[in-house]
Amino acid sequence: MTHTEIEISAELVRDLLRDQHPDLADRPVRLGARGWDNQLWRLGDDLAVRLPWATRPADALLRKEHTWLPVLAPRLPLPVPVPRRLGEPSTLFPRPWIVTTWVPGEPADRTPVTRGAEAADVLAAFLTALHQPAPDEAPAGRFGRGGSLADCSEGFTKQLASATELGLVPDPDAVRAVWDDAAAAPGWAGPALWLHGDLHPANILTADGTICGVIDFGDLCAGDPACDLAAAWTLLPDGAADLFHAACRPARDAATLRRARGWAAGQALAGILIGEAGVRGRPGGKATWGPPAHAALRRLIATAHR
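Keep in mind that this is a model prediction, so the values were computed, not measured.

Caption draft 1: Structural detail: the packing of aromatic side chains. Scanning the model with the defined rule gives two aromatic pairs in all. Centroid distance Phe156 to Trp179: 4.2 Å. Interplanar angle 10 degrees. Geometry classified as stacked. One end of the pair, Phe156, is in helix H4 (residues 153–165); the other, Trp179, is in helix H5 (residues 172–184), with 23 residues separating them in the sequence. Taken as a pair, Phe156 and Trp179 share a single burial class, namely buried. One cation-aromatic arrangement involves Arg42 over Trp102; the distance from NZ or CZ to the ring centre is 3.9 Å.

In structure tokens, the structure reads:
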């Protein structure tokens, strides 16, 4: 993480708005959340300001959202943070920032899905709408997302070794088997589809036990839908994955679901390590990421031989 040297405060957000979008400057400003890449500040009841505060790629990710989300949002059946304004780097703040719509709900890492059947239908409808052929100029994914799962094997191996050494994975051989089967599956032969690219629980919002919104499209990209389909195991409660797969249109083939399980295993290991770092008070750690990640890994192992 590379935190910005400028302290981000409500006063700074108001100054930025006065400088570039004065018609919004009189709205109440309050902190919403601090994420991996950005800080989120509420702007009145229906808007938010996102400013990069960690990781250098955050600037490009915000500009990507500003370019593509207004194009995709109208066809999506769930609320998403639609960019309304772009803030350019200035003497007040040397990085770009955006004003988006505010999406109400609670992050699923804090308030998980409990109504599995309904959430499976909601998530399937969202991904069915999103997973459409992307144009040639669509962005490529970071960290291999949307690409070949096998190309990520080195990173998976390191994460599994770290989690095993910390005593966080009770059956590393079973986890390895899930990955090996996924990496051996035939690759995606269809067109590059639009992907969210980062559907972990903190980027899914819930209300009344089901999914009510999707946020943080910084990893929006095009490629193999298996990356997003991993959400069946990482977001939904026990027994809901099959309901999700049955509701997806078009139905995904067995090879794609095998690759999706591999992506889910990798995401679960990352969540377990980030959760453990949070428990230990280490920088970048998020304690709430651990429980859903452990649950996802348990589901994957339990269904490994189905």
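Caption draft 2: Looking closely at the sheet that holds strand E8 (residues 204–207). Here three strands make up an open sheet; going across it, the order is E6-E8-E9 and the pairing antiparallel. Among the strands making up the open sheet, the edge pair consists of strand E6 (106–107) and strand E9 (210–214). Pairing of E8 with E9 involves four bridges; the strand directions are antiparallel. Residue pairing in the sheet places Ala207 in a bridge with Thr210 of E9.

Caption draft 3: Broad picture of the pairing of E9. Buried residues dominate E9, accounting for four of its five residues. Between E8 and E9, which pair antiparallel and follow one another directly, the connecting turn spans two residues, one of which, Asp208, has a positive phi of 55 degrees.

Caption draft 4: Expanded view of the sheet that holds strand E3 (residues 47–52). A sheet is described by the order of its strands in space; here five strands give the open sequence E1-E2-E3-E5-E4, paired in antiparallel fashion. With one partner strand each, in any of the chains shown, strand E1 (29–34) and strand E4 (83–87) form the two edges of the open sheet. Adjacent strand axes in the sheet meet at a mean angle of 25 degrees when their direction is disregarded. Pairing between strand E2 (residues 38–43) and E3: six bridges, direction antiparallel. Looking at E3, one finds that Arg42 is bridged to Ala48. Sheet strands touched by helix H1 (residues 10–20): E1, E2, E3, E4 and strand E5 (97–101). Its angle to E5, the strand with the most contacts, is close to 95 degrees. Here helix H2 (residues 58–72) sits on the sheet and contacts E2, E3, E4 and E5; the angle it forms with E4, its principal contact strand, is near 140 degrees.

Caption draft 5: Representation of the environment of Cys221 in the model. Here Cys221 is to be found in strand E10 (residues 221–223). A relative accessible area of 0% places Cys221 in the buried class. With 86 residues separating them in the primary sequence, Cys221 and Pro135 have C-alpha atoms 11 Å apart. Cys221 has contacts with Pro139, Ala140, Gly141, Arg145, Leu193, Trp194 and Leu195, leaving out every residue within four places of it along the chain.

Caption draft 6: Up close: the packing of helix H9 (residues 254–279) against helix H10 (residues 290–302). Closest axis-to-axis distance for the H9/H10 pair is 8 Å, and the angle between their directions is 145 degrees. Relative to H10, the crossing made by H9 is left-handed. Between H9 and H10, the residues in contact are Arg261, Ala264, Ala265, Ala268, Leu269, Gly271, Ile272 and Gly275 and Gly290, Ala293, His294, Ala296, Leu297 and Leu300, respectively. Grouping the constituent residues of the contact of H9 with H10 by class yields nine nonpolar, four polar and one charged.

Caption draft 7: A look at the pairing of E2. Summarising burial for E2: five of the six residues are buried, a large majority. In this sheet, E2 lies alongside E1 in antiparallel orientation, the contact comprising five bridges. When the sheet's bridge partners are listed, Ala33 is paired in E2 with Leu40.

Caption draft 8: Structural view of the nonpolar core. Membership of the largest hydrophobic core comes to 65 residues, with the highest contact counts inside it found for Val80, Phe126 and Phe244. Among the elements that make up this core, the one with the highest residue count is helix H3 (residues 116–130) (eight residues). Once residues within four sequence positions are removed from consideration, Val80 is found in contact with Leu69, Ala73, Thr101, Val103, Phe126, Val214 and Phe217. Of all hydrophobic cores here, the second largest spans 19 residues; its members include Val13, Leu17, Val29 and Ala54.

Cut-offs and rules
Residues numbered from 1 in each chain as written. Predicted model: local features only at pLDDT ≥ 70, side-chain atom pairs only at ≥ 80, totals over all residues. Heavy atoms only, no water. Phe/Tyr/Trp six-rings, centres within 6.5 Å; stacked < 30°, edge-to-face > 60°. Helix = DSSP H or I, 4+ residues; strand = E, 2+ residues; numbered from the N terminus. Buried < 20%, exposed > 50% of the residue type's maximum accessible area, 1.4 Å probe, protein only. Lys NZ or Arg CZ within 6 Å of the ring centre and 35° of its normal. Pairing = 2+ DSSP bridges. Axes fitted to C-alpha atoms, helices over the stretch in contact; angles between N-to-C directions. Contact = heavy atoms within 4.5 Å. Left-handed = near helix turned anticlockwise from the far one by under 90°. Nonpolar A, V, L, I, M, F, W, Y, C, P; charged D, E, K, R; others polar. Core = buried A, V, L, I, M, F, W, Y, C linked by side-chain atoms within 4.5 Å.

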